[in-house]
Amino acid sequence: MYKRSADVLLREALEISPAVLLSGARQVGKSTLCLEFSKEYRVFDNLTEREAALNDPIGYISSLPKPICLDEIQKVPQVLEGIKISIDEKRVNGSFLLTGSANVLDMKQAKDTLAGRIIEIQMWPLSQKELNNKPEENIIDLLFSGKVFKMKPESISYHNLLDAIIKGGYPEINKIDSLRGRSLWFNSYISTYVERDIRDVGELRDISAFIRFFNIIAPRSCSLVNKSDLASDANLSEATINNYLSMLEMIYQVSLLKPYSSNISKRFIKSSKMYMTDSGVYSHLLGTSSADELINSVHKGNIVETFVYAELLKHLSYSLSQAKIYHYRTNDKKEIDFIIEKADKIFAIEVKSSKSIKKEAFKHIIDFQNKSQKEIIGIVFYAGDTILPFGDEKFDRYALPLSLFM
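Residues numbered from 1 in each chain as written. Predicted model: local features only at pLDDT ≥ 70, side-chain atom pairs only at ≥ 80, totals over all residues. Heavy atoms only, no water.

Helix and strand counts for the protein come out as 16 helices and 14 strands. Scaling as 2.2 N^0.38, a compact globule of 406 residues should have a C-alpha radius of gyration of about 22 Å, and the protein matches this with 22 Å. Taken over the C-alpha atoms alone, the protein extends approximately 65 × 45 × 45 Å along its principal axes. Partitioning the contacts of the protein with sequence separation of at least 6, the portion at a separation of at least 24 is 70%. (Helix = DSSP H or I, 4+ residues; strand = E, 2+ residues; numbered from the N terminus. Rg over C-alpha atoms; globule rule 2.2 N^0.38 Å. Contact = heavy atoms within 4.5 Å.)

Below, the structure written as structure tokens:
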């Protein structure tokens, strides 16, 4: 069993709040982690349990022993009212540990968001740090402390690095060695869980149209969201596109990254960028199943960028730094993959899939540094094995190996 970065965060949340929601995609390990915290456990995948909760949500909650874990609560969001009443009658921290494979607090059925009574923690697929038994190491915290530049990159071959990217972070996929076995698992995951959870979070009248849309957006990870183009390609209305994207966000399969805005310029692209949240699922949808195929893939750069985004998302979720992440793109096509900001300190991050790096890779970062009044450190993640300085007398810039995520 892997030690999870969310473990410490979850323990602290249960000490200070009567209810905690651990939300994340199916099969990321939520139930496994929660079983360590609660002896009393109910799961709403169980039809009898679900029927009882739906029939009398307030009575159902009042009858339960506390503390308790309620698993897959997005299937019965009606019980949130009962949880609110129970907490207001007797407020005891740690009484309710909830899990959801969809963001239940955003669902239409969840009329009361339990404001002031609940803490939400997002849980993602395994990070590479978790896979390598280093869940306490957080890249975001190390960046803001300045310690990441003093780290020794992990010794990992290029082939093994790419194989890790192809696998992604779902716990079960990292137990499967064969390419066919992985393909079978990914196919099953999409058909069994993604399709089922989509039905839980909203009205889905045409599952075939949704699957067509899901396959159309897959190659567009790392791209600006153009809803009119998506609507045209999928032969769907823009309203339907908005609905599908929203539902995919709610079940943690895609993430929409907002643009960075600042007073340094008004010439910014205002569209969000879309990312798949797991490089393994993304690679599978693109038909790339091995490191050798990835080396020759036209999608190689996007797959590596998706991997880095997914890793950053995990570290940001568990970080003490409370930093925010954006993308940067101007109308004259000056683009930086990621901007990570906390107060007046910024890390401008580019991602390259090559094993070597040149100063040219920093050109848009340099332009950004020269325009801004804030402290900006430039970073290019690349597939090499050495931390290299590319700064000057005014600004710090570094090439960092992707193996620092390992």
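The structure having been displayed, the exposition proceeds.
Helical geometry note: an α-helix holds 3.6 residues per turn, so side chains three or four residues apart project in the same direction. For helix 12 (residues 238–250), built from 13 residues, the straight-helix expectation of 18 Å at 1.5 Å per residue is met to within 8% by its first-to-last C-alpha distance of 18 Å. With its phi angle positive at about 65 degrees, Tyr-252 sits one or two positions after the end of helix 12. (Expected span 1.5 Å × (residues − 1).)

Turning next to the pattern of salt bridges. Counted by the stated rule, this structure contains 25 salt bridges. The salt bridge partner of Glu-130 is Arg-4, with a shortest N-O separation of 3.2 Å. Of the two residues, Glu-130 sits in helix 6 (residues 128–131) while Arg-4 sits in the segment before helix 1 (6–16), which places them 126 residues apart along the sequence. By sharing partners, the salt bridges in this structure join Arg-26, Asp-45, Glu-72 and Lys-75 into a single network. (Salt bridge = Lys/Arg side-chain N within 4 Å of Asp/Glu carboxyl O.)

Core analysis: the largest hydrophobic core is formed by 98 residues, its most contacted members being Phe-213, Phe-338 and Ile-340. Broken down by element, this core gets its largest block of residues, nine residues, from helix 15 (residues 300–318). Leaving out residues up to four positions away in the same chain, Ile-340 has contacts with Ile-140, Phe-144, Leu-312, Leu-316, Ala-323, Lys-324, Ile-325, Lys-345, Ile-346, Phe-347 and Ile-349. Within the second largest apolar cluster, 19 residues are counted, among which are Ala-53, Ile-68, Leu-70 and Leu-114. (Core = buried A, V, L, I, M, F, W, Y, C linked by side-chain atoms within 4.5 Å. Buried < 20%, exposed > 50% of the residue type's maximum accessible area, 1.4 Å probe, protein only.)

Let us now look at the pairing of strand 9 (residues 324–329). In terms of strand pairing, strand 9 meets strand 10 (residues 335–342) through five bridges, oriented antiparallel. The residue of strand 10 that forms the bridge with Tyr-326 is Ile-339. Connecting the antiparallel pair strand 9 and strand 10 is a turn made up of five residues, with Lys-333 showing a positive phi of about 70 degrees. (Pairing = 2+ DSSP bridges.)

Turning our eyes to something else, we now look at the packing of aromatic side chains. All chains considered together, the criterion is met by 20 aromatic pairs. With 4.3 Å between their ring centres and 25 degrees between their planes, Phe-149 and Tyr-398 make a pair best called stacked. With Phe-149 in the loop between helix 7 (139–145) and helix 8 (158–167) and Tyr-398 in strand 14 (residues 397–401), this pair connects stretches of sequence that are 249 residues apart. For Phe-149, a relative accessible area of 17% translates into the label buried. (Phe/Tyr/Trp six-rings, centres within 6.5 Å; stacked < 30°, edge-to-face > 60°.)

Orientation of helix 10 (residues 207–217) relative to helix 12, taken along the N-to-C sense of each, is 75 degrees, at an axis distance of 11 Å. Classified by the angle between their axes, helix 10 and helix 12 sit roughly perpendicular to one another. Residues Ala-209, Phe-210, Phe-213, Phe-214 and Ile-217 of helix 10 form the contact with helix 12, whose own contacting residues are Ile-241, Tyr-244, Leu-245 and Leu-248. Each residue belonging to the contact of helix 10 with helix 12 can be placed in one class, and the counts come to nine nonpolar, no polar and no charged. (Axes fitted to C-alpha atoms, helices over the stretch in contact; angles between N-to-C directions. Parallel < 35°, antiparallel > 145°, perpendicular 65-115°, else oblique. Nonpolar A, V, L, I, M, F, W, Y, C, P; charged D, E, K, R; others polar.)

This brings us to the side chain of Lys-30. Within the secondary structure layout, Lys-30 lies in helix 2 (residues 30–34). Glu-72 provides the closest opposite charge to the buried, salt-bridge-free Lys-30, at an N-O distance of 4.5 Å. Engagement of the side chain of Lys-30 in a polar contact is seen with the backbone oxygen of Ala-25, the distance being 2.9 Å. Those residues within four positions of Lys-30 in sequence are excluded, and the remaining contacts are Leu-22, Ser-23, Gly-24, Ala-25, Glu-72, Thr-99, Gly-100, Ser-101 and Met-123. (Lys, Arg positive; Asp, Glu negative; His and termini not counted. Polar contact = N/O pair within 3.5 Å; in protein donor to acceptor, adjacent residues only side chain to side chain.)

Here we come to the sheet that holds strand 12 (residues 375–382). An order of 9-10-11-12-14-13 is seen for the six strands of this open sheet, with the pairing classed as mixed. Lying at the two open borders of the sheet, with one neighbouring strand each, are strand 9 and strand 13 (388–389). As judged from the five bridges shared by strand 10 and strand 11 (residues 345–351), these two strands associate in the antiparallel manner. Across the sheet, the residue bridging to Phe-338 is Ile-349, located in strand 11. Here helix 15 sits on the sheet in contact with strand 9, strand 10, strand 11 and strand 12, set at roughly 5 degrees to strand 10. Contacts from helix 16 (residues 363–371) reach strand 9, strand 10, strand 11, strand 12 and strand 14 within the one sheet, and its direction differs from that of strand 12 by about 175 degrees.

The subject of this paragraph is unusual backbone geometry. Residues Lys-66 and Pro-67 are joined by a peptide bond in cis, for which omega reads 0 degrees. When you line up the elements, Pro-67 lands in the loop between helix 4 (57–63) and strand 3 (68–71). Of note, the phi angle at Cys-222 is positive, near 85 degrees, even though the residue is not glycine. Positionally, Cys-222 belongs in the loop between helix 10 and strand 6 (223–224). The exposure class assigned to Cys-222 is buried, which follows from its relative accessible area of 9%. One non-glycine residue, Asn-235, adopts positive backbone phi at about 55 degrees.

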